[in-house]
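Results of the structural survey
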Amino acid sequence: MPSIRDLKKDINFVLGDIIEAVYIWEAGSGNKESEEGTVIIDKAIDVFDELMDKVHQKDVEDRKAHFKSIRNELEVKATELVEQLNSMAG
């Protein structure tokens, strides 16, 4: 089973990369601190907080299934954020 540390790193890296992509788009488009970019960044931070709270949840019966569901949720929410970013850039 992958470690909790790896899951935390994945959450951090994936959402951090999305935030960085927003900053790169804003810099490249000359649209610094855009409203759309701010919304995506805020959502990414909310997802990070939500997932980290779930990682630290103690009252879990099946830890393996719990962490797998967190990983799946990360994938779904990150995909949604990337789609929002792509629609902004496109």
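In this report, the structure presented in the accompanying data block is examined. The structure displayed is predicted, hence computed values, not measured ones.

1. Observations regarding the side chain of Glu26
One can find Glu26 in helix H1 (residues 4–29). Although Glu26 lies buried, it forms no salt bridge, and the closest oppositely charged side chain, Lys32, sits 7.6 Å away as judged by the N-O distance. Residues contacting Glu26, with those up to four places away along its chain left out, are Asn31, Lys32, Glu33, Ser34, Gly37 and Thr38.

2. Some details on the pattern of salt bridges
The tally for this structure, following the rule as stated, stands at five salt bridges. Among the salt bridges present, the one from Lys54 reaches Glu73, with a minimum N-O distance of 2.7 Å. Residue Lys54 is located in helix H2 (residues 35–55), and its partner Glu73 is located in helix H3 (residues 63–89); the two are separated by 19 residues in the primary sequence. Since its relative accessible area comes to 26%, Lys54 is described here as partly exposed. Residues joined by salt bridges that share partners form a network here, namely Glu50, Lys54, Glu73 and Lys77.

3. Considerations on the nonpolar core
Among the nonpolar cores identified, the biggest contains 21 residues, and Ile11, Leu15, Ile40 and Ile70 are the most heavily contacted of them. When neighbours within four sequence positions are excluded, Ile40 is seen to be in contact with Ile18, Val22, Leu81, Gln84, Leu85 and Met88.

4. Comments concerning the packing of H1 against H2
The N-to-C vectors of H1 and H2 enclose an angle of 175°; their axes lie 10 Å apart at closest approach. Considered as vectors, H1 and H2 are oriented roughly antiparallel to each other. Contacts from Ile4, Leu7, Lys8, Ile11, Asn12, Leu15, Ile18, Ile19, Val22, Tyr23 and Glu26 in H1 reach Gly37, Thr38, Ile40, Ile41, Ala44, Ile45, Val47, Phe48, Leu51, Met52 and Val55 in H2. In terms of residue class, the contact of H1 with H2 is built from 17 nonpolar, three polar and two charged.

The rules we used
- What you see as residue numbers is a count from 1 along each chain, following the sequence as written.
- Local features in a predicted model are, by the rule used here, given only for residues with pLDDT of at least 70; side-chain atom pairs are given and counted only at 80 or more, and totals for whole chains, interfaces and linings are based on all residues.
- Calculated side-chain values reflect all of the structure's heavy atoms, with hydrogen atoms and water omitted.
- Per the convention used, a helix needs a DSSP run of H or I reaching at least four residues, while a strand needs a run of E reaching at least two, with both numbered from the N terminus.
- Any residue under 20% of the maximum accessible area for its type is buried, any over 50% is exposed, and the rest in between are partly exposed; the area is computed with a 1.4 Å probe on protein chains only.
- This count recognises Lys and Arg as positive and Asp and Glu as negative, with His and chain-terminal groups excluded.
- Salt bridges, as used here, are contacts in which a Lys or Arg side-chain nitrogen is within 4 Å of a carboxyl oxygen on Asp or Glu.
- Residues are treated as being in contact if the distance between any of their heavy atoms lies within 4.5 Å.
- We call a set of buried residues a nonpolar core when its members are Ala, Val, Leu, Ile, Met, Phe, Trp, Tyr or Cys and they connect through side-chain atoms within 4.5 Å of each other.
- Interaxial angles span 0 to 180 degrees and are taken between N-to-C directions of axes, which are lines fitted to C-alpha atoms, for helices over the stretch in contact.
- Our angle categories are set so that under 35 degrees counts as roughly parallel, over 145 as roughly antiparallel, 65 to 115 as roughly perpendicular, and the remainder as oblique.
- Each residue receives one of three labels: charged for Asp, Glu, Lys and Arg, nonpolar for Ala, Val, Leu, Ile, Met, Phe, Trp, Tyr, Cys and Pro, and polar for the others, Gly being one of them.

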